[in-house]
Amino acid sequence: MVNPILIIAISLFGAFFIALISPFVKRTGKIIAFLTIGFDLYIGASLALKSLRTPVIAYTAGFKPPFSINLVVEPFSAVFLLIVLTIGFLISLYYLAHPGEEPEDKFFTLLILNLMGASGIIMTGDLFNLFVFFEITAISSYALVSIRKQKASLEGGIKYLIISSIGSSLFLVAIALLYGQTGTLNIADIAAKLPFINKSVALVAFLLILVAFFVESEIFPFNGWAPDAYQGAGEGISALLAGVISKAGLYALIRLTFTLLDLPLRSKLLIVFGIMTFLIAELSALKQKRVKRMLAYSSIGQMGLVVAIFGIGTIPALKAAIFQGVNHAVSKVALFLLVGMVIKNLGIYKLDDYKGLGRKNPLLGLLFSLAILNLLGFPLFAGFWSKLSILLSTGKQGLYLLLSLILTGAIVEVYYYVRFMKILYERNEEASHLEIHLLEAMPIIAMAAFIIIIGVNPGLITPLFEKASEAIFMKFSYINLVIGG
Amino acid sequence: MIKKVLIILLFVLLGLSLYSVVKYNTFGEDKTVVARHYIDYGMKETGSQNIVTAVVVLYRGFDTLGEVTVLFLAATALGALLHGLRFKSKEKEPSSLIVSTAARYIFPLIILFGTYVFVHGHLTPGGGFPGGVIIASAFLLLFLAYTQKEVSEKTLSLTEGTAGILYVITGLLGLVMLNSFLANFLPKGIPGKLLSAGIIPLIYILIGFKVGAEMTGVLRNLKEEEK
């Protein structure tokens, strides 16, 4: 019997175990983190498979909700759980051969707990419990971003800390307002009582939640922290920000605005803020001289695009948004890890320093190109199918202005990424040769394989997204699932 | 200038919108749904005389495990960020005879009081978190009174890690025996007695140890200086 609680329990066990033995046996964090996260992924994958047939619900403390906290894994949360844990696992695999940040044992403790927080956000069925896991994810992220203790990482960390703390206190106020109205904290229970909630209270709570999770999912104008955090963090942690932390924030944003407070206002706000983020971030990426900062802006832009598509709210659009979210996670994590390998070997940060690297190191160049082409939606890669479904679902709704703005942003994106690829393959005799550790490259090769396999046969994965988008679209089936039975 | 005006406007807007809705949430009136259930059935269902404790440790025990993790994270993060940094401090004056003598007598009393607070969490106000902090304050007194005094990192990590792992195991035992994580698998006993409320005192003792060790660790990290 797989129980979602096990992910939380095992992660805590791993984290406390590192704390227990680290003064006696140093440098075990790496291995323990790898094993713990591997186990989490195993549980998460079996849960996800099971939830496609029947959703999994776990109660805690021996009482039924709304009196105690429950965890729910249904197809929509299953997809996000899979993204987060798979990416987390690949990052921990990468760190097996890549030096972790110092102090290493504490770094890996933070990494385990960060993933636990993200999985908790995705699985919980309780509003306040979501806040607790949100705090766990956020606090570990601040520390992971600033652990390098260089000027840039401290700057990123402290900006993130301040903005995200304001966001989380707004979220807390929203929880208090909703609890005052309904007398319960269970997400399904509150959702069922939405018609009885005072209209203006619901509106204020909705806006507070929106702002809080716009901060986490890097939506303009609440994303001032993001470029600095991405740039200052270690490359593995930038990958974590792109593939795990922002995805957990995105999940909470969607779950709370689709299931908890399903207000008609949502659609407009998500589309407007999303597309604004997409355009501004892509234009900012265009003029960056540093690779990591360029990728950071591109990451923010992608999050904006995904949020805007979620805003359309039809089943094909939801499906497209989820698909694009997955593709973005895979590509961006691969890119950040590759940049990490380059920095470890050569210590270069600027775009121009990459001149000829791809020509000199064929494997590196190939992996870079695959990840970039996938992000751009080149035909026969997974990204092509998600970009195509974005355009189709937008066009179908007659949102032609949105469609043209998406295309504009996409053209800007193509321009700076192709420029980057051109630099990679430029003729340069002085380009250095990279020592690539196979274990270090493994996670990236795995992601490249995913990109190609899904690109050739998207039918392998689209049924999963279909189920997920149906699950988030029909909020009453979620309510029935939790408090009906 | 425009930026500042905008910020002020934003805060005024936030304040106004909150002010306009707070009146719809009536405070101090009869409790509804979940809170009503806790008040009416809390003692019967959990065996804890202190209903707040019953809510914190059992009904919403999963949140409490999360809060314990938040504290653990904060301590770990602090340790990680201070790692490798050593602050120069002024030559410390040894504390006066009065402080060091008094500390010797007060230290065990504070520890005793802290222990009392976390052992009686299910009966009286308090519990693992305040109990643990009280214990840490005893160590703070020790650090102030005897500037050379050290608490070994090994002892702290051992206490912290063991208490955390035992907490998780307690939760898992509930999962194994009653098919629900953190469920009470021990007899409830008679409310009001020291040995009652099943796993609540057990969990609060573990939290007491964990919080005590963690907060002491934080103090230790902050007082460490250039060697």
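Source: prediction; values computed, not measured.

Definitions and cut-offs
Residues numbered from 1 in each chain as written. Chains lettered and ligands numbered in written order. Predicted model: local features only at pLDDT ≥ 70, side-chain atom pairs only at ≥ 80, totals over all residues. Heavy atoms only, no water. Helix = DSSP H or I, 4+ residues; strand = E, 2+ residues; numbered from the N terminus. Buried < 20%, exposed > 50% of the residue type's maximum accessible area, 1.4 Å probe, protein only. Contact = heavy atoms within 4.5 Å. Rg over C-alpha atoms; globule rule 2.2 N^0.38 Å. Core = buried A, V, L, I, M, F, W, Y, C linked by side-chain atoms within 4.5 Å. Salt bridge = Lys/Arg side-chain N within 4 Å of Asp/Glu carboxyl O. Axes fitted to C-alpha atoms, helices over the stretch in contact; angles between N-to-C directions. Parallel < 35°, antiparallel > 145°, perpendicular 65-115°, else oblique. Left-handed = near helix turned anticlockwise from the far one by under 90°. Nonpolar A, V, L, I, M, F, W, Y, C, P; charged D, E, K, R; others polar. UniProt positions renumbered as here; feature names shortened; annotations may be inferred. Phe/Tyr/Trp six-rings, centres within 6.5 Å; stacked < 30°, edge-to-face > 60°.

With that settled, consider the overall build of chain A. Of the regular secondary structure elements, chain A holds 20 helices and two strands. For chain A, the spread of C-alpha atoms along the three principal axes comes to 70 × 60 × 40 Å. Within the span of chain A, comprising 485 residues, buried residues form 66% of the whole. In chain A, 81% of the contacts between residues at least 6 apart in sequence involve partners at least 24 apart.

Next up on the list: the overall build of chain B. Tallying secondary structure elements over chain B gives eight helices and zero strands in all. Along chain B, from the amino end to the carboxyl end, the secondary structure elements read α-α-α-α-α-α-α-α. Compactness check: chain B gives a C-alpha radius of gyration of 22 Å against a globular reference of 17 Å for 227 residues, more than 25% above the reference. Viewed in the frame of its principal axes, chain B has a C-alpha envelope of about 60 × 60 × 35 Å. When each of the 227 residues of chain B is scored for burial, the buried share is 43%.

It is worth spelling out the nonpolar core at this point. If you look at the biggest cluster of nonpolar residues, it comprises 220 residues, and the most contacted ones within it are F76, F171, F213, F310, Y354 and F368 of chain A. Apart from the residues lying within four places of it in its own chain, the contact partners of F310 of chain A are F76, F80, L250, I254, F258, L318, A321 and I322 of chain A.

The next subject is the pattern of salt bridges. As a working rule, side chains carrying opposite charge can pair if their charged atoms are close by. Residues and elements named next belong to chain A. The final tally for this structure, using the stated rule, is 19 salt bridges over all chains. A salt bridge links D228 to R293; the shortest N-O distance between them is 3.3 Å. Note that D228 is positioned in helix α9 (residues 226–232) and R293 in helix α12 (residues 291–312), a separation of 65 residues in sequence. Look at R293 and you get buried, because its relative accessible area is 17%. One continuous salt-bridge network, built from bridges that share partners, spans E101, R148, E235 and K292.

Take the side chain of Q302 of chain A next. Along the polypeptide, Q302 of chain A turns up in helix α12. Every residue in contact with Q302 of chain A, bar those within four places of it in the chain, is listed here: F278, E282, Q324, H328, K332, L375 and E413 of chain A.

Time to look at the packing of helix α11 (residues 265–286) of chain A against helix α17 (residues 400–424) of chain A. Residues and elements named next belong to chain A. Look at α11 against α17: their axes get within 9 Å of each other, and the N-to-C directions meet at 25°. Taken together, the axes of α11 and α17 are roughly parallel relative to one another. Pair α11 / α17 crosses with left-handed handedness. For the pair formed by α11 and α17, the contact residues are I271, I275, F278, L279, E282, L283, A285 and L286 on the first element and L402, L405, I406, T408, G409, A410, V412, E413, Y415, Y416 and R419 on the second. Residues that form the contact of α11 with α17 fall into these classes: 14 nonpolar, two polar and three charged.

In this structure's numbering, the residues bearing the UniProt feature "domain: Na+/H+ antiporter MnhB subunit-related protein" (unreviewed entry) are residues 98–216 of chain B. Taken as a whole, residues 98–216 of chain B contains 71% helix and 0% strand, while its terminal C-alpha atoms sit 23 Å from one another.

This part covers the packing of aromatic side chains. Residue and element names in this part refer to chain A. Across all of its chains, the model carries 35 aromatic pairs over all chains by this definition. Ring centres of F323 and F465 lie 5.1 Å apart, and the angle between their planes is 45°; on these two criteria the pair is classed as tilted. With F323 in helix α13 (residues 315–346) and F465 in helix α19 (residues 462–473), the pair connects residues that are 142 residues apart, well separated along the chain. A relative accessible area of 4% places F323 in the buried class.

Here we come to the UniProt feature "transmembrane region" (unreviewed entry) in chain B. All names here are of chain B. What UniProt calls "transmembrane region" (unreviewed entry) maps, in this numbering, to residues 68–85, 97–119, 125–146, 158–182 and 194–213. The distance separating the terminal C-alpha atoms of residues 125–146 is 32 Å; by composition the span is 82% helix and 0% strand. Secondary structure across residues 194–213 comprises 75% helix and 0% strand; the distance between its end C-alpha atoms is 24 Å.

Let us look at the side chain of N223 of chain A. Residue and element names in this part refer to chain A. In this fold, N223 is placed in the loop between α8 (199–216) and α9. On the basis of relative accessibility, which here comes to 11%, the residue N223 falls in the buried class. Setting aside its immediate chain neighbours within four residues, N223 contacts E218, T277 and I300.

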